[in-house]
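# Structural characterization, general
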Amino acid sequence: MAPEDADVLSLECPHCGETFPSAIPMDPPTFATIRLESMLERCSACGHASRFSKHDYRFRSA
Ligand SMILES: [Zn+2]
């Protein structure tokens, strides 16, 4: 088991409530060190683009 390899950086869409994977490929140790102001990302479920800040990102196991 290598849980960190399976963790996918994910976001919850404010429009449809679906969880979708971020377009940013990132592992937890790297993510912890970066500075992230706000990112525009598009929901893969409903297609709405929304702005997300660092606290909106969650790692989920794939
Ligand atoms: Zn959505």
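Look a little higher up for the structure.
Residues numbered from 1 in each chain as written. Predicted model: local features only at pLDDT ≥ 70, side-chain atom pairs only at ≥ 80, totals over all residues.

Our focus in this paragraph is the overall build of the protein. A tally of regular secondary structure across the protein gives two helices and five strands. When the elements of the protein are put in sequence order from the N terminus, they spell out α-β-β-α-β-β-β. For the protein, whose C-alpha radius of gyration is 12 Å, the value lies close to the compact-globule estimate of 11 Å for 62 residues. Along the first, second and third principal axes, the C-alpha atoms of the protein reach 35 × 25 × 15 Å. (Helix = DSSP H or I, 4+ residues; strand = E, 2+ residues; numbered from the N terminus. Rg over C-alpha atoms; globule rule 2.2 N^0.38 Å.)

Strand order across the open sheet formed by three strands is 2-1-5, with antiparallel pairing between neighbours. The outermost strands of the open sheet, each flanked by one partner alone, are strand 2 (19–21) and strand 5 (58–61). Mean inter-strand twist for the sheet, computed between neighbouring axes without regard to direction, equals 50°. Of the pairings in the sheet, the one linking strand 1 (residues 7–12) to strand 5 comprises four bridges and is antiparallel in character. Following the sheet pairing, Ser10 is matched in strand 5 by Arg58. (Pairing = 2+ DSSP bridges. Axes fitted to C-alpha atoms, helices over the stretch in contact; angles between N-to-C directions.)

Here Leu11 lies in strand 1. With 46 residues separating them along the chain, Leu11 and Tyr57 place their C-alpha atoms 5.3 Å apart. Setting aside residues no more than four positions away along its own chain, Leu11 makes contact with Phe20, Ser22, Glu41, Phe52, Asp56 and Tyr57. (Contact = placed C-beta atoms within 7 Å.)

Here we take up the pairing of strand 3 (residues 39–42). Note: strand 3 against strand 4 (residues 49–52), four bridges, orientation antiparallel. Bridge pairing links Arg42 to Ala49 in strand 4. Counted between consecutive antiparallel strands, the loop separating strand 3 from strand 4 contains six residues, among which Gly47 sits at a positive phi close to 85°.

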